[in-house]
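Okay, here's what each chain looks like letter by letter:
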Amino acid sequence: MRLNTRTLNIAAALLTGASLLSFSGAALAGAGESGHGHNTAAIGEPAKASAAKRTVQVEMGDNFYKPESIPVKAGETVRFVVKNKGEFLHEFNIGTAAMHAEHQRQMAMMMEHGMLTATGVNQKMMNMDHSKMPGMGHSMKHDDPNSVLVGPGETKELTWKFTKDAALEFACNIPGHYESGMVGTIDVKR
Ligand SMILES: [Cu+2]
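Residues numbered from 1 in each chain as written. Predicted model: local features only at pLDDT ≥ 70, side-chain atom pairs only at ≥ 80, totals over all residues. Heavy atoms only, no water.

## Considering the packing of aromatic side chains
Thinking step 1. The tally for this structure, following the rule as stated, stands at 5 aromatic pairs.
Thinking step 2. Measuring from centroid to centroid gives 5.1 Å for F80 and F92, while their planes differ by 45°, and the two rings are tilted. In this pair, F80 sits in strand 5 (residues 77-84) while F92 sits in strand 6 (residues 90-95), placing the two residues 12 residues apart along the sequence.
Thinking step 3. Taken together, the ring pairs connect Y65, F80, F92, F162 and F170 into an aromatic cluster. (Phe/Tyr/Trp six-rings, centres within 6.5 Å; stacked < 30°, edge-to-face > 60°. Helix = DSSP H or I, 4+ residues; strand = E, 2+ residues; numbered from the N terminus.)

Shown next, in the form of structure tokens:
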């Protein structure tokens, strides 16, 4: 385990002030929902690919999406086929701007603890018990139903049912990527 001074300093910096309150609050809230850190009911629900009448192809690069906006209808089930043409690991995550901000903090932790690298997922580190690490619950895993992590050259799928009107975003929450443009809009309208 890598617990040098730098790790601790960065963890401490991440956990100061307001972020400490919101991070531990979210971790507690997440503990009751079968290990998932997010309450996804507000944005819709995961669905089977066979339930989708529409497929949207999404291309990811370093660091952008094509297309940059995807309009959907409330009640529609959409199958997203996400191809990573870049050289780095990227995420396709459906959520509100607030959910992405929260997820960015978690992914910064996963990166810092070696669970994620610039090019992939370290399954051994991801499966370790992280309960002794500052700010990390033992259920800290990248297993959110509204997200896929796609390695360089890989293609993955995510099928989502959008239940009600909402201004959502698809985003990559790997540290630095959202800020450099890996975010697009999903307008859900009746
Ligand atoms: Cu990315």
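So much for the structure itself; the text now carries on.
## Comments concerning the sheet that holds strand 5
Thinking step 1. The strand order across the open sheet formed by 5 strands is 1-8-5-2-3, and the pairing between neighbours is mixed. The sheet is open, and its two edges are formed by strand 1 (45-46) and strand 3 (64-66), each paired on a single side. (Pairing = 2+ DSSP bridges.)

## Digging into the environment of A74
Thinking step 1. By the element assignment, A74 lies in the loop between strand 4 (72-73) and strand 5.
Thinking step 2. The partly exposed category is assigned to A74, whose relative accessible area is 24%.
Thinking step 3. Counting along the chain gives 113 residues from A74 to D187, while the straight-line C-alpha distance between them is 9.2 Å.
Thinking step 4. Apart from the residues lying within four places of it in its own chain, the contact partners of A74 are F162, T163, K164, D165, V188, K189 and R190. (Buried < 20%, exposed > 50% of the residue type's maximum accessible area, 1.4 Å probe, protein only. Contact = heavy atoms within 4.5 Å.)

## Side note on the coordination of the copper ion
Thinking step 1. Distances from the copper ion to its protein donors, namely H90 (ND1), C172 (SG), H177 (ND1) and M182 (SD), fall within the range 2.0 to 2.5 Å.
Thinking step 2. Every donor counted, the 4 donor atoms about the copper ion form angles of 84 to 139° at the centre, which fits irregular coordination.
Thinking step 3. We note that the donor set of the copper ion lies within a single chain, spaced as H-x81-C-x4-H-x4-M. Of this pair, H90 sits in strand 6 while C172 sits in the loop between strand 9 (166-171) and strand 10 (183-189); the two residues are 82 residues apart in sequence, bridging distant segments of the chain. You'll find H90 and C172 in the same group, each marked buried. (Donors = N, O, S within 2.8 Å, 3.2 Å for Na, K, Ca; no water. Tetrahedral: all angles 85-135°; square planar, octahedral: opposite > 155°, others 65-115°.)

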